[in-house]
Amino acid sequence: MSEHHIVTPKTYITIIAFLFALTAATVWVAFQHFGDPWNDVIAIGIALTKATLVVLFFMHVKWSERTTKLAVILAVLFLVVLLLITMSDFLTRGWLGVPGS
Amino acid sequence: MSTLITDSSRSNYLNAAYGIKSWLLTKDHKRIALLYLVAVSIFFSVGGLFAALIRLELLTPEGDMVQPDIYNRLFTMHGVIMIFFFLIPAIPAVLGNFILPLMVGAKDLAFPRINLASFYVYVVAGILGVWALINGGVDTGWTFYTPYSSMYSNTQVTLVAMAGFIAGFSSIMTAVNFIVTVHRMRAPGLTWFRMPLMVWALYATSIIIMLATPVLAITLVMLMLDHSLHIGIFDPAQGGDPVLFQHLFWFYSHPAVYIMILPAMGVISELVAAFSRKKVFGYTFVVYSSLSIAFLGFLVWGHHLFVSGQSVYAGAVFSILSMLVAIPSAVKVFNWTATLFQGSVSYQTPMLYALGFIGLFTIGGLTGVFLATMGLDTHVHDTYFVVAHFHYVMVGGTIMGYLGGLHYWWPKISGKLYPEFWAKISALLVFVGFNLTFFPQFIVGYLGMPRRYHAYPPEFQVFNVLSTAGASVLGLGYLLPIIYLTWSMRYGKKAPANPWGAVGLEWETASPPPTFNFDDDPVVEHEAYDYHHRPEEPRVA
C-alpha cells in the first residue's frame, strides 16, 4: 500500500537539491535573451519539471495506487483543456480582419 | 424487516446526545447536514429578500424605490448569495451529506472531521459575505466582470471575492469526502452499477467541484490583487486582458451550473422511481449521461463570451459543444418520462416537485439551446430572456429538486411526517408562482428589455407586474415549507422506516436513523430500484 512506502532521506535531499538547482536555472534564464517566445517556454518548462518532482516525490504519487495517479492525470488533463481552449480564442482573434485593430 | 422499527424511545442520531456543543462539534454526517440545512436556509432567505426588493423596484417603470447604485448592489448580492451560499451547497451539503452514506450502506462519510471543517469554512465564508454586505455590498454583478470590478468599483469586491474563495474550499472538502466514500465505503454487494442514481449524480458533481473550483480560486485571487493593488492582470490599460478573466471565471462558473443541477437530477431519478414504483428506464444511460454532462460541462464556457470580443472561430466551437450538452440532458428527461410510462404513479408532494422539475428544466434547457446559437444570442444577450433561462434551470431545476428531495427524505431526517395537504398547496404555489414570475421575462427579454437596469420603458410594465405578482406567490410557496416542516419536527406524526414503500438502503434503517446508520451492516443483493422483485409495501405518508 502507498501509505506504507517509506521514502529515504537521501531521496528527499536529492529532490530538493534538484529543486534548488532548477530555481537557480529559472533566475539565470530570466536574465538571458533567447528571443520571443523562448524565455517563456523555458521558464514554464522548468516550472512544470519542478511541479512534477514535487507531485511525484513529496506528494508520494510515484508510489500511490492507480486511482490516485488517475486523479492527478485527470487534473492535469483539465488544465490542458483550460489552456488549449482559451488559446483557441486568443490565437484566432486576428483571423477575421477587423478594421482599425 | 427493519421497516418494523418504529420505537421512538430507541437511540437515534437526534437523541443520542443533547446540548449545543453536541451539535456544534458533531462529526455525524446527519447532524452536519442539519447544520447546513439551517445555514443554507438563512442564506436563501437573505437572497430571497434581495429578490423581493428587486421585483418591488421593477413594479413600476420609473426607478422610484432605490437609486441605481443601490439596485446594482441588490442584484449582485442576490446573485452572490444565492449561487455561492445556497444553490451550490444546498443539495450536496444538505441532502447529499445526509443521504449518501445511508445510500451506500456506510456508517458515516470517509472523513467526518473534514466534513465538520467544511461546514465551518462555509460559515466563515458566509460571515465574510455578510460583513461585506453590511459594509455596502458589491455592485459588479455576481460575475465580477473586469476591468470594472478590478479597477473601478469602489465597493467591497475584495471581501466578496474572498468569501467566494473560502466557500470554494468548503465545496472541495465535501467533494473529497463524497468521492472517497463512494470509492471506499460501499456496502458489500453494492457494485458501481447497483448504486442509486443520486449517488452517481453526487459523484459526478464532486468530480466537477474538484476540477473546477481551484480555477475559480486562483481567478478570484488575481481579481483581489487587481482590485486592491491595481496590478492590472485584467486591465487593458496596463496590458492585461479582461476577456481572460471571463475565460477563467466561466471555466468554473459554467460547470458550476452542473454542480447545481446534477444533484437535483439525481434527486429526480430517485423520486420518479419511488413514485412510479419502477426501475429508472435505461439506468446505465442515465449514469453515463451524468458523467457526460460533467465532462461536456467543462468544454462550453465560451458561450458566455459570444459578444465579449471572443474570436468568432472559438465562438463557433463553443456553440457546437454547448449544443452537445443537450444530448445527455435529453437522455435524462426522456428516461424519466419513459419511467413514468405504465408505472404505478402516485402524486405525493415529492412527485409534484419532480414533475415540476421535468417540465421547467426542459424549458430552461431548450432555451439554453437558443442561447448557444451565436446569432440568436447576439440578439438576446444581457436581456431578460437570459434571466428567465437561467432561473428556469436554477430555480425551476435546482430548487424544485431540492424541495422535492427535502420532502422525500424529511421523514428519514426528522422521524416525522409533514402535513401532506399543506405540502401539496405549497408545491402548487411554487409551480404557479415560478411560472408567473419567470415566463413573462422570456417575452419581455425577447422584446428587448435589458437586465440589470432599475428603470425601463413603460411598454414593458405589464410583464414586470406579472413577474412581481408571481414572485409574491413564489415567496409564499417557499415560506410554507419553512413553517410546516419546522412544525412537523415537534407535532408531526411519527414516521415509519419506509413511509413511501421505496427501495434503497436508506429506507431499510429506522427513521430517524441511529448514529451509525444501521444496526446491522447491510448487504446489497439486488440492483437499484428493483421494484419488480419486491412485494409492494404500503405508503404511509
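Residue indices follow the written sequence of each chain, beginning from 1 at its first position. All chains are assigned letters beginning with A, and all ligands numbers beginning with 1, in the order in which they are written. A pLDDT threshold of at least 70 governs which residues receive local features in this predicted model, and a stricter bar of 80 or more applies before side-chain atom pairs are shown or counted, although totals over entire chains, interfaces and linings include all residues. Side-chain metrics in this entry use all non-hydrogen atoms of the structure; hydrogen atoms and water are not considered.

Residue and element names in this part refer to chain B. Helix H13 (residues 384-414) packs onto helix H2 (residues 29-57) with a crossing angle of 145 degrees between their chain directions and a minimal axis gap of 14 Å. The element H2 and its partner H13 pack so that their crossing is left-handed. Residue-level contacts link Leu34, Leu37, Val40, Phe44 and Arg55 of H2 to Tyr384, Ile399, Tyr402, Leu406, Trp410 and Ile413 of H13. As a working rule, the residues Ala, Val, Leu, Ile, Met, Phe, Trp, Tyr, Cys and Pro are called nonpolar, Asp, Glu, Lys and Arg charged, and the rest polar, with Gly in that last group. Among the residues making up the contact of H2 with H13, the classes are represented as 10 nonpolar, no polar and 1 charged. With axes taken as lines fitted to C-alpha atoms, and helix axes fitted only over the stretch in contact, angles between N-to-C directions fall between 0 and 180 degrees. Numbered from the N terminus, helices here are DSSP runs of H or I no shorter than four residues, and strands are runs of E no shorter than two. Left-handed describes a crossing whose near helix is turned anticlockwise from the far helix through less than a right angle; right-handed describes the clockwise counterpart. It only takes one pair of heavy atoms within 4.5 Å for two residues to be counted as in contact.

A pairing counts as a salt bridge when a side-chain nitrogen of Lys or Arg comes within 4 Å of a carboxyl oxygen of Asp or Glu. Counting across every chain of the model gives 7 salt bridges over all chains. The closest approach of N and O atoms between Asp89 of chain A and Arg93 of chain A, which form a salt bridge, is 2.9 Å. Here Asp241 of chain B makes a salt bridge to Arg93 of chain A, at a shortest N to O gap of 3.4 Å. Highlighted residues: Asp241 of chain B in the loop between helix H7 (197-229) and helix H8 (242-276) and Arg93 of chain A in the segment after helix H3 (66-90), drawn from two different chains. The classification of residues rests on relative accessible area computed with a 1.4 Å probe and restricted to protein chains. Under 20% of the type maximum is buried, over 50% is exposed, and intermediate values are partly exposed. Looking at Asp241 of chain B, the relative accessible area reads 18%, which means it is buried. The exposure class assigned to Arg93 of chain A is partly exposed, which follows from its relative accessible area of 26%.

The subject of this paragraph is the packing of aromatic side chains. Residue and element names in this part refer to chain B. Stacked, tilted and edge-to-face pairs are distinguished by plane angle, under 30 degrees for stacked and over 60 for edge-to-face with tilted covering the rest, among Phe, Tyr and Trp rings (Trp via its six-membered ring) whose centres lie within 6.5 Å. Evaluated as defined, the whole model comprises 51 aromatic pairs over all chains. Relative to Trp250, the ring of Phe249 lies with its centre 5.3 Å away and its plane at 90 degrees, an arrangement referred to as edge-to-face. Considered together, Phe249 and Trp250 belong to a single accessibility category, that of buried residues. Where Phe251 meets Trp301, the ring centres are 5.3 Å apart and the plane angle is 80 degrees; that geometry is what we call edge-to-face. Of this pair, Phe251 sits in helix H8 while Trp301 sits in the loop between helix H9 (283-296) and helix H10 (312-340), and the two are 50 residues apart along the sequence. The exposure class of Trp301 is buried, given its relative accessible area of 0%. An aromatic cluster is present here, built from Phe370, Phe385, Tyr392, Phe434, Phe438, Phe439, Phe442 and Tyr446 joined pairwise through their rings.

This brings us to the domain arrangement of chain A. In this document the domain limits rely on a domain assignment from an automatic tool or a database. Partitioning chain A into domains gives domain 1 (1-63) and domain 2 (66-94). Computed over C-alpha atoms, the centres of domain 1 of chain A and domain 2 of chain A are 20 Å apart.

Turning our attention to the confidence of the model for chain A. The predictor rates its confidence in each residue with pLDDT, a number between 0 and 100. With 91% of its residues at a pLDDT of 70 or more, chain A shows a mean pLDDT of 89. The secondary structure element of chain A with the lowest average pLDDT is H3 of chain A, at 91, and the one with the highest is helix H1 (residues 9-30) of chain A, at 96.

All names here are of chain A. Compared with the 32 Å implied by 1.5 Å per residue over 22 residues, the 32 Å span of H1 between its first and last C-alpha is a close match. For H1, the set of buried residues is Ile15, Leu19, Leu22 and Val29. The arc enclosing the buried residues of H1, seen along the axis, measures out at 85 degrees, which places them on a common side. Exposed residues pointing more than 90 degrees away from the buried face of H1 are listed as Pro9, Lys10, Ile13, Phe20 and Trp28. The elements touched by buried residues of H1 are helix H2 (38-58). Between the first and last residue of a helix there are one fewer steps than residues, each counted as 1.5 Å, and that sum is the expected span. For this quantity, the arc is that covered by the directions from the helix axis to the C-beta atoms.

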